[in-house]
Amino acid sequence: MNLDKRLIDKFVDITSCASIACHKYIGKNDKIIADKAATDAMRKSLNKLDINGKVVIGEGELDEAPMLYIGEKLGTGKGPSIDIAVDPLEGTNFAAKNLPGALSVMAISSKGNLFNAPETYMDKLAVGKEIPKDATDLDFSIEKNIKNIADSKNMDLNELTACLLDRPRHKEIIEKLKNLKVNLKLITDGDVSGALLVSNPKYNVDIFIGIGGGPEGVLAASALDAFGCKFQGRFLFETDKEINRAKKMGIYDLNKKYELEDIVRGDSIFCATGITSGDLVEGVKIENNKYYTETLVTHKNSTIDIIKKEVSIT
Ligand code: VTB
């Protein structure tokens, strides 16, 4: 079932409102307070909407997160039944340290259509729509993926750029990419936005790879779907607790490689509002007693756009 286009504006208001609430905590070097401000604001505004919403990706399980926990019901209960994935503050370090790239992010689908991802790591791969879908795969070696991308773009290896989180766990991939002479874009956090850099040649990223948060993978997949990009993910379970949780969520094949259509089924809407300015959108600005926000919106069946909002400071 397609989502009503009129929902777009409502959800842009919600991520904008969360970004504005977080704005006063930019640069306070306190991740917790910044995250709480965005989460509180997002939850309050979601609860005013005429929807019958349920959090499928949120701040954690009920025992860890009092707000926007997985399974929490949101909205007045009067409208359409929708699943909601939230990351009220993606890039907590960016906001706390006043660095580029903090976002407030949300994705929605009709009930049952967004993957209920466990809070574990995910091995990810994303490439742009110009690359044939069978040219890259999580199961190919890094060398094969890179060579196939170069062939399909008719470019030399040293003209390609791979984006990944700068983490010790990626030492081996980084070494291989360096040997191939591929350029690196090593991000310190924020892999929702990292994955989205394959969506447009203007970002100059040919592949996003590596291990990041599973929930962030689902959020990115919703937007990448609208852009016609490829995304694959495989969860990585480290502890018995994580494995038991996954089983409770109905995941029995722990090594399953998820294709985009397994993660986001049918229609979805994705909104990411800038808190601090980054590659995708500008952060919250204050001018003439108003807040100005910018939101990247994708709706699989209608639009991909940057929506600007102004909100009076009261
Ligand atoms: C990423 C990134 C997040 O966590 O998912 C990353 O998108 C993965 O976890 O912004 P590690 O930090 O343990 O590598 C964040 O950096 C923070 O939630």
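Criteria and thresholds
- Residues numbered from 1 in each chain as written.
- Predicted model: local features only at pLDDT ≥ 70, side-chain atom pairs only at ≥ 80, totals over all residues.
- Heavy atoms only, no water.
- Phe/Tyr/Trp six-rings, centres within 6.5 Å; stacked < 30°, edge-to-face > 60°.
- Helix = DSSP H or I, 4+ residues; strand = E, 2+ residues; numbered from the N terminus.
- Buried < 20%, exposed > 50% of the residue type's maximum accessible area, 1.4 Å probe, protein only.
- Lys NZ or Arg CZ within 6 Å of the ring centre and 35° of its normal.
- Pairing = 2+ DSSP bridges.
- Contact = heavy atoms within 4.5 Å.
- Axes fitted to C-alpha atoms, helices over the stretch in contact; angles between N-to-C directions.
- Parallel < 35°, antiparallel > 145°, perpendicular 65-115°, else oblique.
- Left-handed = near helix turned anticlockwise from the far one by under 90°.
- Nonpolar A, V, L, I, M, F, W, Y, C, P; charged D, E, K, R; others polar.
- Core = buried A, V, L, I, M, F, W, Y, C linked by side-chain atoms within 4.5 Å.
- Domains from an automatic or database assignment.
- Buried area = accessible area lost by both parts, 1.4 Å probe.
- Salt bridge = Lys/Arg side-chain N within 4 Å of Asp/Glu carboxyl O.

Peer 1: Please provide a residue-by-residue account of the packing of aromatic side chains, values included.
Peer 2: Applying the stated rule across the entire model yields four aromatic pairs. Ring plane angle 55° and centroid distance 4.8 Å describe the contact between Phe115 and Tyr258, whose orientation is recorded as tilted. With Phe115 in the loop between β4 (103-110) and β5 (121-127) and Tyr258 in strand β10 (residues 258-259), this residue pair connects regions lying 143 residues apart in the sequence. On the basis of relative accessibility, which here comes to 12%, the residue Phe115 falls in the buried class. When the centroid spacing of 6.2 Å and the interplanar angle of 40° are considered together, the rings of Phe235 and Phe237 count as tilted. The exposure class of Phe235 is buried, given its relative accessible area of 2%. We classify Phe237 as buried; its relative accessible area is 17%. One aromatic cluster is present, built from ring pairs that chain together Phe115, Phe235, Phe237 and Tyr258. When the ring centre of Phe140 is taken as origin, the NZ or CZ atom of Lys144, which lies over that ring, is 3.9 Å away.

Peer 1: With reference to specific residues and values, describe the sheet that holds strand β8 (residues 207-213).
Peer 2: Pairing in this open sheet of six strands is mixed, and the strands run β7-β6-β8-β5-β9-β10 from one edge to the other. Of all the strands in the sheet, the pair left with one neighbour each is β7 (183-187) and β10. The pairing of β5 with strand β9 (residues 230-236) spans seven bridges and is classified as antiparallel. Across the sheet, the residue bridging to Asp123 is Arg234, located in β9. Running over the sheet, helix α4 (residues 142-153) touches β5 and β8 and is turned about 140° from β8.

Peer 1: Give a description of the packing of α4 against helix α5 (residues 171-179) that names residues and reports values.
Peer 2: Running from N to C, α4 and α5 point in directions that differ by 45°, and their axes come no closer than 10 Å. With respect to each other, α4 and α5 are oriented oblique. Once α4 is placed against α5, the crossing between them reads as right-handed. Contacts between α4 and α5 involve Ile142, Glu143 and Ile146 from the former and Ile173, Lys176 and Leu177 from the latter. Grouping the amino acids of the contact of α4 with α5 by side-chain chemistry returns four nonpolar, no polar and two charged.

Peer 1: Tell me what's going on with the side chain of Asn113, and back it up with residues and numbers.
Peer 2: Inspection of the secondary structure puts Asn113 in the loop between β4 and β5. Its relative accessible area of 17% is what places Asn113 among the buried residues. Setting aside chain neighbours within four positions, we find Asn113 in contact with Asp83, Ile263, Val264, Arg265 and Gly266.

Peer 1: Provide a residue-level description of the pairing of β5, including the pertinent values.
Peer 2: Most of β5 sits inside the fold, with five of its seven residues counted as buried. Bridge count between β5 and β8: seven bridges; the pairing is antiparallel. By the bridge assignment, Lys124 is partnered in β8 with Gly210.

Peer 1: Tell me what's going on with the nonpolar core, and back it up with residues and numbers.
Peer 2: Grouped together as the largest cluster of nonpolar side chains are 44 residues, with contacts concentrated most on Phe115, Leu196, Leu224, Phe231, Ile263, Phe270 and Leu280. Element by element, the count of residues in this core is highest for helix α7 (residues 214-227), at seven residues. Each of domain 1 (7-114 + 267-312) and domain 2 (121-263) gives at least three residues to this core. Other than its neighbours up to four places away in sequence, Leu196 contacts Tyr203, Ala220, Ala223, Leu224, Phe270, Leu280 and Leu296. With 32 residues, the next largest nonpolar core counts Leu3, Met42, Leu74 and Val297 among its residues.

Peer 1: Go over the domain arrangement of the protein chain with me, naming the residues and quoting the values.
Peer 2: Domain boundaries in the protein chain define domain 1 (7-114 + 267-312) and domain 2 (121-263). Here the C-alpha centroids of domain 1 and domain 2 sit 23 Å apart. Tallying the contact residues gives 26 residues for domain 1 and 22 residues for domain 2. At the boundary of domain 1 with domain 2, total buried surface from both sides reaches about 2,000 Å², with 65% on carbon and sulfur atoms. Seen at the junction of domain 1 and domain 2, the total is three salt bridges.

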